[in-house]
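Listed below, chain by chain, are the residues.
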Amino acid sequence: MREYPDITPPVVSISTSYPGASAAVIESRITTVIEDQISGIEGVKSIRSSSRDGGAFINIEFDLDRDIDNAANDVRDRISRVNRMLPEDVRAPEVRKQDSDARPVMYNVVSAQLSRMDLTDYTDRYIADRFSVIPGVANASVFGARPAMRIWIDRLALAARNLTVNDIEAALRRENIELPAGRIESNDRELTVRIARGFESAADFRELVIVRGDDGHLVRLGEVSTVELAPQDHRSIYRANGLPTVSIGIIKQSTANTLETLEQVKAEIADLNENLPEHIELSTGSDDSVFIREAINGVYRTIAITTVLVSLVILAFLGSFRTMAIPAVTIPVCLVSAFIALAAFGFTVNLITLLALVLAIGLVVDDAIVVLENIHRRIEEGEAPLVAAFNGSRQVAFAVIATTAVLVAVFTPIMF
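Presented here is an overview of the structure given in this document. Keep in mind that what you see is a predicted model, and the values were worked out from it rather than measured.

Analysis parameters
Residues numbered from 1 in each chain as written. Predicted model: local features only at pLDDT ≥ 70, side-chain atom pairs only at ≥ 80, totals over all residues. Heavy atoms only, no water. Helix = DSSP H or I, 4+ residues; strand = E, 2+ residues; numbered from the N terminus. Rg over C-alpha atoms; globule rule 2.2 N^0.38 Å. Buried < 20%, exposed > 50% of the residue type's maximum accessible area, 1.4 Å probe, protein only. Pairing = 2+ DSSP bridges. Axes fitted to C-alpha atoms, helices over the stretch in contact; angles between N-to-C directions. Contact = heavy atoms within 4.5 Å. Phe/Tyr/Trp six-rings, centres within 6.5 Å; stacked < 30°, edge-to-face > 60°. Salt bridge = Lys/Arg side-chain N within 4 Å of Asp/Glu carboxyl O. Expected span 1.5 Å × (residues − 1). Polar contact = N/O pair within 3.5 Å; in protein donor to acceptor, adjacent residues only side chain to side chain.

**Description of the overall build of the protein chain**
- The helix and strand inventory of the protein chain stands at twelve helices and 16 strands.
- Taking 22 Å as the expected radius of gyration for a compact globule of 416 residues, we find that the protein chain reaches 34 Å, considerably beyond that expectation.
- Across its three principal directions, the C-alpha atoms of the protein chain cover 125 × 60 × 50 Å.
- When burial is assessed residue by residue, the protein chain has 33% of its 416 residues classed as buried.

**Examining the sheet that holds strand 4 (residues 94–96)**
- In space, the four strands of this open sheet follow the order 2-3-1-4, with antiparallel pairing throughout. The open sheet is flanked by strand 2 (44–52) and strand 4, the only strands paired with a single partner. For this sheet, the mean inter-axis angle between neighbouring strands, taken without regard to orientation, is 15 degrees.
- In this structure, strand 1 (residues 11–17) lies alongside strand 3 (residues 55–62), joined through seven bridges in antiparallel fashion. When the sheet's bridge partners are listed, Ser15 is paired in strand 3 with Phe57.
- Where helix 1 (residues 23–38) meets the sheet, it contacts strand 1, strand 2 and strand 3, and its direction lies at approximately 165 degrees from that of strand 2.
- Set on the sheet, helix 2 (residues 68–82) makes contact with strand 1, strand 3 and strand 4; between it and strand 1 the angle comes to about 30 degrees.

**What about the packing of aromatic side chains?**
- With the rule as written, the count across this model stands at five aromatic pairs.
- Note on Tyr107 and Phe143: the rings are 6.1 Å apart at their centroids and 50 degrees apart in plane angle, and the pair reads as tilted. With Tyr107 in strand 5 (residues 106–112) and Phe143 in strand 6 (residues 137–143), the pair connects residues that are 36 residues apart, well separated along the chain.
- Seen in terms of ring centroids, Tyr122 and Tyr126 are 4.8 Å apart; in terms of plane orientation they differ by 50 degrees. Their pairing is tilted. Note that Tyr122 and Tyr126 are positioned in helix 3 (residues 116–132) at a spacing of four residues, about one turn of the helix.
- An aromatic cluster of three or more residues is present, and its members are Tyr107, Phe143 and Tyr238.

**Regarding the pattern of salt bridges**
- By the definition in use, this model includes 22 salt bridges.
- Asp124 serves as the salt-bridge partner of Arg146, at 2.4 Å between the closest nitrogen and oxygen. Pair noted here: Arg146 is in the loop between strand 6 and strand 7 (147–153) and Asp124 is in helix 3, with a separation of 22 residues, a long-range link.
- For Asp124, a relative accessible area of 27% translates into the label partly exposed.
- One network of salt bridges, in which partners are shared, links Glu263, Lys266, Asp287 and Arg293.

**Some remarks on the sheet that holds strand 15 (residues 246–252)**
- The antiparallel open sheet is built from four strands, whose spatial order is 6-15-5-16. Single-partner strands in this sheet number two, and they are strand 6 and strand 16 (280–287). Averaged over all adjacent pairs, the angle separating strand axes in this sheet is 20 degrees, with direction ignored.
- For strand 5 and strand 16, the ladder comprises seven bridges, and the chain directions are antiparallel. Paired with Tyr107 across the bridge in strand 16 is Ser286.

**Thoughts on the pairing of strand 6**
- For strand 6, a buried count of five out of seven residues is recorded, marking the element as mostly surrounded by other parts of the structure.
- Examined bridge by bridge, strand 6 and strand 15 share six bridges and lie antiparallel to one another. Looking at the pairing, Ala140 lines up with Ile250 of strand 15.

**What to know about helix 11 (residues 351–380)**
- Taking 1.5 Å of rise per residue, the 30 residues of helix 11 would be expected to cover 44 Å, and the 43 Å separating its terminal C-alpha atoms lies within 8% of that figure.
- At the N-terminal end of helix 11, a side-chain oxygen is found 2.9 Å from the backbone nitrogen of Ile352, two or three residues along, and the residue is Asn350.
- Phi for Gly382, located one or two positions after helix 11, is positive at around 110 degrees.

**Quick word on the side chain of Asn108**
- Mapped onto the fold, Asn108 is located in strand 5.
- When neighbours within four sequence positions are excluded, Asn108 is seen to be in contact with Phe131, Val246, Ser247, Ile248, Ile250, Val265, Ile269, Leu282, Ser283, Thr284 and Gly285.

**Some words on the environment of Leu276**
- Mapping Leu276 onto the fold places it in the loop between helix 8 (258–275) and strand 16.
- Residue Leu276 is classed as buried on the basis of its relative accessible area, which comes to 13%.
- Ignoring sequence-local partners within four residues, the contact set of Leu276 consists of Tyr122, Ile127 and Leu282.

Okay, structure coming up:
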């Protein structure tokens, strides 16, 4: 069971981030370079790219018979060759088995009596990875408040000391590092030595020395800026039922079945809730499978209503319960036979195949009513039931076949 037939082409996406760069620079320095490398991969049907301020997004669509795992591995292999050709500050390209514009098919909400930054950190460490390994899940994106050391620069204080933003950036790159320092060897043991980074908190960063003045005064970061530990992004917040929370967006692989994937996600949610701390709760915020199941159930209800209405119409015009039973039995028998054919050809139960069943009910009932009415007329004229059944069916056989062929021809364009 799925929403639509399994004809989704395998898609692999590449996203590359280059903060601060314009769309023109992204296009010439990143997008074009990556496209040249991946264009020769086997089975590529089309490449669609988008260059925006700060990032490049490339979608590679493969032929339907191409295995998506092998395709993704081929893309990663080509990307590994292109890394040295990209600008230095570019973040490593990310390769995913999904459309880069794909939206989550489910949002899960993590709520607790914690700050948003602490809750985001806990979700990243202990929850999100449990969803990422589920078959059919391409990515489990965490939407919350990632912690960052924010430095709000006082431009007047900076200008008074003849400093620029570049001076602060250079000091951070120079001082805020952790380096290996070799090892100490003796007869009995060997020790690895490292130069520990001395900046762990906002107070430590305030003491970072930017430059030494001519009079020997050390200009520190706290003199020219306000340093605080705060969310990395102030422009967005995720709320559920009016309360700030952290969300996990489940993005499925391009060829995955939404219903099967989300069933496994729900099972994982139930397992996680049994093991999470009491003050943390994991729940579902939105679920695309609800709509899909309701849409399919709606088609089932339509089939049932059609069967009942057809039976009542026959009863009203022919006035016999026994006569009404024949077309009423014909409908479920034909539907069951149709499912045998669906299974034999590997089709799924989806909105398209169910629509075909709804349309086919009319064809089946039409033929049954025509044959039944002709037999009923001959019985009223005095023929025995068995003779009337034989002669009546034979009399309209060609007309029924011709009518069905015409109706099938009318619906044939829908298949394309």
